[in-house]
Amino acid sequence: MTEQLSFNNFGFIGFGLIGGSIAHALKEIYPSSNIIAYNYYKTKTHKKLEAAKQDGIVDNISTSLSDFSDCDVIFLCAPVLTNISYLNELSPYISENCLLTDVGSVKGNIHKVVAELGLNKNFIGGHPMTGSEKTGYANSDSSYLKDAYYILTPTEEVPAEYTSWLKNFIITAGSHCEIMDYKTHDNVTAAISHCPHIISASLINTVAKLDDDGKYGRLAAGGLKDITRISSSSPEMWQNICLSNPDAIVSFLNRYIATLTNAKEAVISGDSDKLMQFFESAKKYRDKL
Ligand SMILES: NC(=O)C1=CN([C@@H]2O[C@H](COP(=O)(O)OP(=O)(O)OC[C@H]3O[C@@H](n4cnc5c(N)ncnc54)[C@H](O)[C@@H]3O)[C@@H](O)[C@H]2O)C=CC1
Ligand SMILES: O=C(O)C(=O)Cc1ccc(O)cc1
């Protein structure tokens, strides 16, 4: 049986919706733990981190990555490319016994840089399959981790007790832990998360171009709003994700465009059987989700 580690010092780089939600959960599960958060503004106070300190969720705010050398666990919770950009500078302060994890929506590119820096033995890729179109600490809540899937992508080099600790935290926070390799992660999330955001933005942009006088938007009922809610998400976050997972995204978009083309042809030819089958198969799968 794997020994359960006892971690008490947690560090955060990036402290928005997801970082804040994880910190809330850590404080609920380990009330005497110490949480340090990084103020990347360096020369001015970070009002949202000060608010988190007032709330008792953050204990220390630091402008120096060297202060993270005492951390048992460091969570990278900024946009995907920003998380990666910290690895080199952070590397000297990741102690031998430190577990480094992230929450980014793409795993392949961070695993590549982690391996290049020789940090495989410290790193477990993480991705909570939760959240919303909202951003920022003010919207964070430990409830985001309740009844959600939380994917981990450990390599063989990371100690089993690190995976065990992280898995235990995730389950105690209320999530279901799913372990897979990072390539599988990036293929699956391209289909169920990354491309839906591209499709939603494409639809909204297409409607917006037609909407000179606001009539389309005014009359839009539930359908358009349901399928495009996610287009109110952070543009920076989704730009980072698309730049990080191009192969899997293009591969899924090719399939999707073929499906759209088939649907268009069925409409052009008035193929009632094909149209019925198109909507029936979609309903069958969607009703089970
Ligand atoms: N929003 C969602 O529903 C989900 C997001 N994710 C991933 O979580 C990560 C964070 O996303 P959210 O919390 O939703 O976004 P957010 O916008 O709420 O938080 C991002 C945080 O990163 C900070 N940040 C920005 N630039 C920084 C820099 N240079 N240095 C340090 N911190 C910086 C921001 O100040 C903010 O606190 C992203 O990697 C995203 O892919 C994962 C699952 C769900
Ligand atoms: O708003 C929604 O439903 C989302 O799309 C939430 C989300 C955003 C990013 C992720 O990597 C995972 C989940």
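Because the structure is predicted, anything quoted here is derived from the model rather than measured. (Residues numbered from 1 in each chain as written. Chains lettered and ligands numbered in written order. Predicted model: local features only at pLDDT ≥ 70, side-chain atom pairs only at ≥ 80, totals over all residues. Heavy atoms only, no water.)

### A few points about the site of ligand 2
Near ligand 2, the surroundings consist of Ser105, His127, Thr130, Gly131, Ser132, Glu133, His197, Arg229, Ile230, Met237 and Trp238. His197 has a polar side-chain atom sitting 3.1 Å from an oxygen atom of ligand 2. Measuring from an oxygen atom of ligand 2, one finds a side-chain N or O atom of Arg229 at 2.8 Å. Across the complex, the protein chains shield 83% of the 340 Å² of accessible surface that ligand 2 would expose by itself. Of the residues assigned to the shell around ligand 2, the class counts are three nonpolar, six polar and two charged. (Near = heavy atom within 4 Å. Polar contact = N/O pair within 3.5 Å; in protein donor to acceptor, adjacent residues only side chain to side chain. Areas by Shrake-Rupley, 256 points an atom, 1.4 Å probe, with all protein chains shown as cover. Nonpolar A, V, L, I, M, F, W, Y, C, P; charged D, E, K, R; others polar.)

### A word on the sheet that holds strand S8 (residues 176-179)
Strands sit in the order S3-S2-S1-S4-S5-S6-S7-S8 across an open sheet of eight strands; the sheet is mixed. Two strands bound the open sheet, and with one partner strand each, they are strand S3 (60-62) and S8. Sheet twist, expressed as the average angle between the axes of neighbouring strands with direction ignored, equals 25°. Where strand S1 (residues 9-13) and strand S2 (residues 34-38) come together, four bridges link them in parallel fashion. When the sheet's bridge partners are listed, Asn9 is paired in S2 with Asn34. Sitting on the sheet, helix H3 (residues 80-90) touches S1, S2, strand S4 (73-76) and strand S5 (99-102), and the angle it makes with S4 is about 145°. Relative to strand S6 (residues 123-129), helix H6 (residues 182-210) is tilted by about 20°, and along the sheet it contacts S6 and strand S7 (149-154). (Pairing = 2+ DSSP bridges. Helix = DSSP H or I, 4+ residues; strand = E, 2+ residues; numbered from the N terminus. Axes fitted to C-alpha atoms, helices over the stretch in contact; angles between N-to-C directions. Contact = heavy atoms within 4.5 Å.)

### Observations concerning the confidence of the model for the protein chain
For the protein chain, mean pLDDT is 97; residues scoring 70 or higher make up 99% of the total. Both scores are given for the predicted complex: the pTM is 0.96, the ipTM 0.98. (pLDDT = per-residue confidence, 0-100.)

### Here we look at the site of ligand 1
Neighbouring residues of ligand 1: 24 residues in total, closest Leu17, Ala78, Tyr86, Ser105 and Gly136. Tyr40 has a polar side-chain atom sitting 3.1 Å from an oxygen atom of ligand 1. With respect to ligand 1, the backbone of Thr130 contributes an N or O atom lying 3.3 Å from an oxygen atom. Here ligand 1 loses 86% of its free accessible area of 830 Å² to cover by the protein chains. When contributions to the shell around ligand 1 are tallied by element, the ones reaching two or more residues are helix H1 (17-29), H3, S6 and helix H9 (235-244). Of the residues forming the shell around ligand 1, the biggest block, three residues, is contributed by H3.

### Some words on H9
Those residues of H9 not exposed but buried are Trp238, Asn240, Ile241 and Ser244. Across the axial projection of H9, the buried residues extend over an arc of 155°, all falling on one side. Exposed residues lying more than 90 degrees from the buried face of H9 are Pro235 and Leu243. Its buried side turned inward, H9 meets H3, helix H4 (108-116), H6 and helix H10 (246-268). (Buried < 20%, exposed > 50% of the residue type's maximum accessible area, 1.4 Å probe, protein only. Arc of directions from axis to C-beta.)

### Some thoughts on the packing of H6 against H9
The interhelical angle for the contact between H6 and H9, taken along N-to-C directions, is 120°, at an axis separation of 11 Å. As judged from the angle between their axes, H6 and H9 are oblique. Crossing handedness for the pair H6 and H9: left-handed. Contact residues: H6 offers Ser193, His194, His197 and Ile198, while H9 offers Trp238, Ile241 and Cys242. Class assignment of the residues belonging to the contact of H6 with H9 gives a composition of four nonpolar, three polar and no charged. (Parallel < 35°, antiparallel > 145°, perpendicular 65-115°, else oblique. Left-handed = near helix turned anticlockwise from the far one by under 90°.)

### Describing the environment of Asp213
Structurally, Asp213 is set in the loop between H6 and helix H7 (215-219). Through-space distance from the C-alpha of Asp213 to that of Asp287 is 36 Å; in sequence the pair is 74 residues apart. A distance of 3.1 Å separates a polar atom in the side chain of Asp213 from the backbone nitrogen of Lys215.

### Brief notes about the environment of Asn83
With respect to the element layout, Asn83 can be found in helix H3. Accessibility expressed as a relative area gives 0% for Asn83, which makes it buried. Taking the C-alpha atoms as reference points, Asn83 and Gly14, 69 residues apart in sequence, are found 8.1 Å from one another. Not counting the four nearest positions on each side in its chain, Asn83 is found in contact with Ile13, Leu76, Cys77, Ala78, Asp102, Gly104 and Ile110.

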